[in-house]
Structure formats: structure tokens, C-alpha cells
Amino acid sequence: MTKRKLSVTPVALVGDIRALIEAARQHAAAAVNSELTLLFWRIGQRIHTEVLAGRRAGYGEEILPTLAAGLVRDYGRSFTDKNLRRMVQFAVTFPDERIVVSLIRQLSWTHFIALIPLKDPLQRAYYAQMAGAERWSVRTLRDRINSMLYERTALSKQPQTLIAQELAAMHDAERMSPALLMRDPYILDFLGLRDTWQEGDLEAAIIREMEAFLLELGVGFTFVARQKRIQIDDEDFHLDLLFYNRKLRRLVAVELKVGEFKAAYKGQMELYLRWLDKHEREAEEASPLGIILCTGKKREQIELLELNKSGIHVAEYLTALPPRAMLMERLQQAAQRAGLAADDPEKPL
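Residues numbered from 1 in each chain as written. Predicted model: local features only at pLDDT ≥ 70, side-chain atom pairs only at ≥ 80, totals over all residues. Heavy atoms only, no water.

Draft legend 1. Representation of the pairing of strand S3 (residues 235–245) in the model. By the bridge criterion, 10 bridges tie strand S2 (residues 221–232) to S3 in an arrangement that is antiparallel. For isoleucine 230, the partnering residue across the bridge sits in S3 and is phenylalanine 237. Looking at chain direction, S3 and strand S4 (residues 250–256) are connected through 5 bridges and run antiparallel. Looking at S4, one finds that leucine 241 is bridged to valine 254. Remark: 4 residues form the turn of the hairpin made by S3 and S4, two consecutive strands paired antiparallel; arginine 249 in that turn has positive phi of roughly 55 degrees. (Pairing = 2+ DSSP bridges. Helix = DSSP H or I, 4+ residues; strand = E, 2+ residues; numbered from the N terminus.)

Here is the structure:
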């Protein structure tokens, strides 16, 4: 009798079954997390509306410990007085159950704990949506908040109505705009550059630490080329770094500069972008964007050159993370300047 030949080896079969089991475990864990997070929201919402709303300030101090004691006795430490207060904060901070339901598909209860202390609703919405879109771990979310990522985006410099529209488009259509991704300044403390360096040193350090650089650039970036050769009229030019962003569906050219921005950089980048648009852009892609990274910005020159109309973003880069207070002051000043520009329709953002 001829033995039937197995289509897969026993080792391969075991590997396939293990993969199925792990996938099922992950799916089950995600489902449990979503249900627990929604449960915590509903508990917080119920306590807030039916126990605390309209009561005197000290009423919660009297009722919550008693409520917590009974729940801890029956259901465990997840329902301590401290955790019940967090659930109430959760429901107050995220009052719309539909938004909570959409967010818990990607975010855990611990993600929400990191988001609750944020006071600005638009800031909080940005971090929540980006954490879901980029699949941030809780640690990454906290790092992004601590590095003031939202405040460094071009989005945060826009009027509140436009910010809300951008975030709504991201949530409803899963569409990102350059304003959601472009930052200023970029924090490149992971490069290990000290004292003085040349543009070649900066480029080499970025190539060496490309994974960290891509994380700082933001979601959707893929490295394409270093020193991209551009030939025009028998003359060779070389673009420092070329990336592709799948969220924006366009090429992104990056030029690295040591020193302050110079007006001549605009013409150089425009030349590169037009060449890329003519020779490299695919039919379904949007026009290429440019990022010029400098150690300093001459703001009046940048405003007069109207670089935003050319698809060029000029940003500073920092090779060391400054103290949070210093960074906050710097970003507040930038936001104030952007606010003044927004008030003047003739002045570009």
C-alpha cells in the first residue's frame, strides 16, 4: 500500500497552527481590551451624570469610596476609588460615545490615561488620532506628548476651525494633509552630533540612524535615495535625501543645511521639485513636496518668498532636546507669529 505524501511537512504544519493560535489570541485580547475600555467609559459616564452632576463639591468624596469598596470586594482592584475617578475623567474628557467606540479599536485604556490630562481638545484629538493611525505604543504616545509633537506640527499654527476640519478629514476619510505631518522644529538628538559638523556629517548620521529619522519625520515615510542625481542641461545636481510618503501619496525631497536659511535655497528646491514632478511622479501621485532643514530661520525672508505656495516647508532642526520649558516658550512664540499672520490675509502662514 502506497503511503500518501503530505503536502506540508510536520514542522511547517506546526508553524502554521501556532500562527493561527497567536492571531486568535491577539484578536481576543484586543476584543477584551475594547470591551473593558468601553465598560470603564460607561461606568464613568453613569457616575458623572447620575451621582456627581449638580452635587456639591464634597459629595464625590463621600460616595465614591463607598461605591469603590463594594466593587473592589466583588470585582477586584480595577474598581478602586482612584480608578473610578479616572473613569469619570475619561467620560468627561471624551463625552461622545461614538468617538470612544471608534478610538478603542486601536487604543487601550492605558492610552486614554495618557490622553486625559491634555487640556486642549484639538491637541488631545490630534494625539488620539495619530496614535491610532500610527499604532503607537503607550510609551511612544507619552514620548510624543513630552516632545510636544503637536505643538511642532504645521497644523497647530493654523486657526482652530481649520485644525478641526483637518482632524475631521483624518477621522472620517482617513486622509492626511501635509500640515498633519510637517514639523518645526525637528528633534534630531538621536544623531549624536556635537559641537561643529558639516552637511556631509549630518547626512551620514541620518543614514546611520534612518529608522529613528523616519520616526521623527512621521507616519508613512519610506526612504528612496541618497544624493539623488538630477541631470538638467548636461549638468548634474544632487538632492540630499528623497522619500516617499504613502499617506500623502507623493515624493518628499529633503535638503540639509548647516546654518540659517538663505533665499537661494528656494530656487534650488523648486528646481528639484519640478524635475521630480516631470520625471519621477506617477500619474496617481500628488506633486512632490520639499523640506529644507536648517539650524536657523530668517522668518521675514521665508514669509516674503511665500514658500508654502511652492510646496516647500522650511524647518529648523535641533541636535539636542532642549528643556521642556524652553521648547514650550519657543513654540508659543511661533504660534503667536502664526496667529498674527492668520489675522493678515496678505501675509502667508
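Draft legend 2. Inspection of the pattern of salt bridges at higher detail. One pass over the structure, following the stated rule, counts 15 salt bridges. The partner of glutamate 22 in a salt bridge is arginine 25, and the shortest N-O contact between them spans 3.4 Å. Highlighted residues: glutamate 22 and arginine 25, both in helix H1 (residues 10–52), separated by 3 residues, approximately one helical turn. When its relative accessible area of 56% is taken as the criterion, arginine 25 is described as exposed. (Salt bridge = Lys/Arg side-chain N within 4 Å of Asp/Glu carboxyl O. Buried < 20%, exposed > 50% of the residue type's maximum accessible area, 1.4 Å probe, protein only.)

Draft legend 3. Up close: the packing of aromatic side chains. Following the criterion strictly, the structure yields 15 aromatic pairs and no others. The interplanar angle of 45 degrees and the centroid separation of 4.7 Å between the aromatic rings of phenylalanine 90 and phenylalanine 112 together place this pair among those described as tilted. Of the two residues, phenylalanine 90 sits in helix H3 (residues 81–93) while phenylalanine 112 sits in helix H5 (residues 109–115), which places them 22 residues apart along the sequence. According to the relative accessible area criterion, phenylalanine 112 is buried, its value standing at 0%. (Phe/Tyr/Trp six-rings, centres within 6.5 Å; stacked < 30°, edge-to-face > 60°.)

Draft legend 4. Representation of the sheet that holds S4 in the model. Spatially, the 6 strands line up as an open sheet ordered S1-S6-S5-S4-S3-S2, and their pairing is mixed. Each of the sheet's edge strands pairs with one partner strand only, and the pair in question is strand S1 (186–187) and S2. Pairing geometry for strand S5 (residues 289–294) and strand S6 (residues 312–318), over 5 bridges, is parallel. Each residue of the ladder has a partner; that of cysteine 294, found in S6, is glutamate 316. Running at roughly 140 degrees to S2, helix H11 (residues 199–208) makes contact with S2, S3, S4 and S6 of the sheet. (Contact = heavy atoms within 4.5 Å. Axes fitted to C-alpha atoms, helices over the stretch in contact; angles between N-to-C directions.)

Draft legend 5. Region of the structure containing unusual backbone geometry. Residues aspartate 184 and proline 185 are joined by a peptide bond in cis, for which omega reads 0 degrees. Phi at aspartate 234 is positive, roughly 60 degrees, even though this residue is not glycine. We note that arginine 249 has phi near 55 degrees; this positive angle belongs to a residue other than glycine. Note on arginine 249: relative accessible area 56%, which makes it exposed.

Draft legend 6. Structural context of a nonpolar patch on the surface. Taken together, the side chains of Leu13, Ile17 and Ile21 present a nonpolar region at the surface, about 250 Å² in accessible area. Topologically, isoleucine 21 is positioned in helix H1. For isoleucine 21, a relative accessible area of 42% corresponds to the partly exposed category. (Patch = residues over 30% accessible without salt bridge, like charges linked within 9 Å, V, L, I, M, F, W, Y side chains within 5 Å. Areas by Shrake-Rupley, 256 points an atom, 1.4 Å probe, with all protein chains shown as cover.)

Draft legend 7. Just helix H6 (residues 121–133), in detail. Across its 13 residues, H6 extends 18 Å between first and last C-alpha, which sits within 8% of the 18 Å expected from 1.5 Å per residue. H6 sits mainly inside the fold: 10 of its 13 residues count as buried. Taken as a whole, H6 has its buried residues at Leu122, Gln123, Arg124, Tyr126, Tyr127, Ala128, Gln129, Met130, Ala131 and Gly132. Where H6 begins, the capping side chain belongs to aspartate 120, and its oxygen is found 3.0 Å from the backbone nitrogen of leucine 122. Just past H6, the residue arginine 135 takes up positive phi, approximately 55 degrees. (Expected span 1.5 Å × (residues − 1). Polar contact = N/O pair within 3.5 Å; in protein donor to acceptor, adjacent residues only side chain to side chain.)

Draft legend 8. Spatial organisation of the environment of phenylalanine 213. Structurally, phenylalanine 213 can be placed in helix H12 (residues 210–217). Accessibility expressed as a relative area gives 0% for phenylalanine 213, which makes it buried. Contact partners of phenylalanine 213, with chain neighbours within four places excluded, come to Leu188, Phe190, Ile206, Leu241, Phe243 and Leu293.

Draft legend 9. The arrangement of H12 in detail. Listed as buried for H12 are Met210, Phe213, Glu216 and Leu217. Taken down its axis, H12 places every buried residue within 120 degrees of arc, on the same side. Positive phi shows up at glycine 218, right after H12, with a value of about 125 degrees. (Arc of directions from axis to C-beta.)

Draft legend 10. Up close: the confidence of the model for the protein. When the pLDDT values of the protein are averaged, the result is 87; 91% of them are 70 or greater. Scored below 50 in pLDDT, residues 345–349 makes 10 contacts in the model with residues more than four places away or belonging to other chains. (pLDDT = per-residue confidence, 0-100.)

Draft legend 11. Expanded view of the environment of lysine 157. Its location among the elements puts lysine 157 in the loop between helix H8 (149–152) and helix H9 (160–173). The buried category is assigned to lysine 157, whose relative accessible area is 18%. For the pair lysine 157 and phenylalanine 79, spaced 78 residues apart in the sequence, the C-alpha separation amounts to 40 Å. Here the side chain of lysine 157 touches threonine 153 through a polar contact of 3.1 Å, landing on its backbone oxygen.

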